Amino acid sequence: MGLLDILLGRTKPVAPDLDQLFALPSAAVTLQATAGFTPTGSGAVCFATVEGAAFEQMHREVQALLDADTDRTGPPVELRRDGYGYSWLVSRRSPDQLPDLVNDLHAVNTSLEVNGFGPQLLCSLAGFRDDGGRRLALVYLYKRGSFYPFAPLSGAAERRDTALELQLRAVLGDDLRIEPDLGRWFPVWGAPGL
């Protein structure tokens, strides 16, 4: 960073650290113990929509890599597009296989990054629910290298449980690198895997 950057208040962007995803299983233990949320077994990687042969080839390679897992039943990765024009690679496991789901998310992110699609990566998420049916996603912001909780309200048209999100920020602070800028806690309405 140069003097001009310092004077203008610019900061160096945080480098993505995909290994942060491996902290999710310990965060899940904390979530269950303190707030009653358990993994759903669903997770997804979101990226700006990519077209072309190079992406299709990479998607086939990821599919083949994850198909090699003999513990998996059904399709390992599903490509979906949301109503906002973003693409999602969705992985589903049984709820007790969170470490395997994290490995899937890491493999998808790494494959996209290695094949030159890193700038299109936006976020990854793992889904959770409590006994009352409340949904929660722990969202990893690729370009920030940090997490935040996203808790949509059930039955509400695009409303979120901000109080729960702030409560979970305090609870998860020892397990995950939490995004300090609340303005970057973007809603992921209709995210597959949530």
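About the cut-offs
- Residues numbered from 1 in each chain as written.
- Predicted model: local features only at pLDDT ≥ 70, side-chain atom pairs only at ≥ 80, totals over all residues.
- Heavy atoms only, no water.
- Helix = DSSP H or I, 4+ residues; strand = E, 2+ residues; numbered from the N terminus.
- Buried < 20%, exposed > 50% of the residue type's maximum accessible area, 1.4 Å probe, protein only.
- Contact = heavy atoms within 4.5 Å.
- Areas by Shrake-Rupley, 256 points an atom, 1.4 Å probe, with all protein chains shown as cover.
- Pairing = 2+ DSSP bridges.
- Axes fitted to C-alpha atoms, helices over the stretch in contact; angles between N-to-C directions.
- Salt bridge = Lys/Arg side-chain N within 4 Å of Asp/Glu carboxyl O.

Undergrad: Tell me about the overall build of the chain, and name the residues and values.
TA: If you tally the helices and strands in the chain, you get five helices and six strands. Secondary structure elements in the chain, listed N-terminal to C-terminal, are α-α-β-α-β-β-α-β-β-β-α. Going through the 194 residues of the chain one by one, you find that 45% of them count as buried. Considering only residue pairs separated by 6 or more positions, the chain has 66% of its internal contacts joining residues 24 or more positions apart. When the accessible surface of the chain is summed, it comes to about 9600 Å², and 54% of that surface belongs to carbon and sulfur atoms.

Undergrad: How would you explain the sheet that holds strand S4 (residues 121–129) if you had to name every residue and give the values?
TA: Ordered in space as S2-S3-S1-S4-S5-S6, the six strands form an open sheet in which the pairing is antiparallel. Across the chains shown, the open sheet's two edge strands, defined by having one partner strand only, are strand S2 (77–81) and strand S6 (146–150). The average undirected angle you get between the axes of adjacent strands in this sheet is 25 degrees. Taken together, the five bridges between S2 and strand S3 (residues 86–92) define a ladder with antiparallel strand orientation. Pairing of Leu79 across the sheet is with Leu89, part of S3.

Undergrad: Could you give an account of the pattern of salt bridges, with specific residues and numbers?
TA: One pass over the structure, following the stated rule, counts seven salt bridges. As a salt-bridge pair, Arg177 and Asp17 come within 4.0 Å of each other at their nearest N and O atoms. In this pair, Arg177 is assigned in the segment after helix H5 (162–172) and Asp17 in the loop between helix H1 (3–8) and helix H2 (24–35), connecting sequence segments 160 residues apart. Residue classification places Arg177 among the partly exposed positions, given a relative accessible area of 36%. With relative accessibility at 27%, the residue Asp17 sits in the partly exposed group. With a closest N to O distance of 2.8 Å, Arg144 and Glu179 form a salt bridge.

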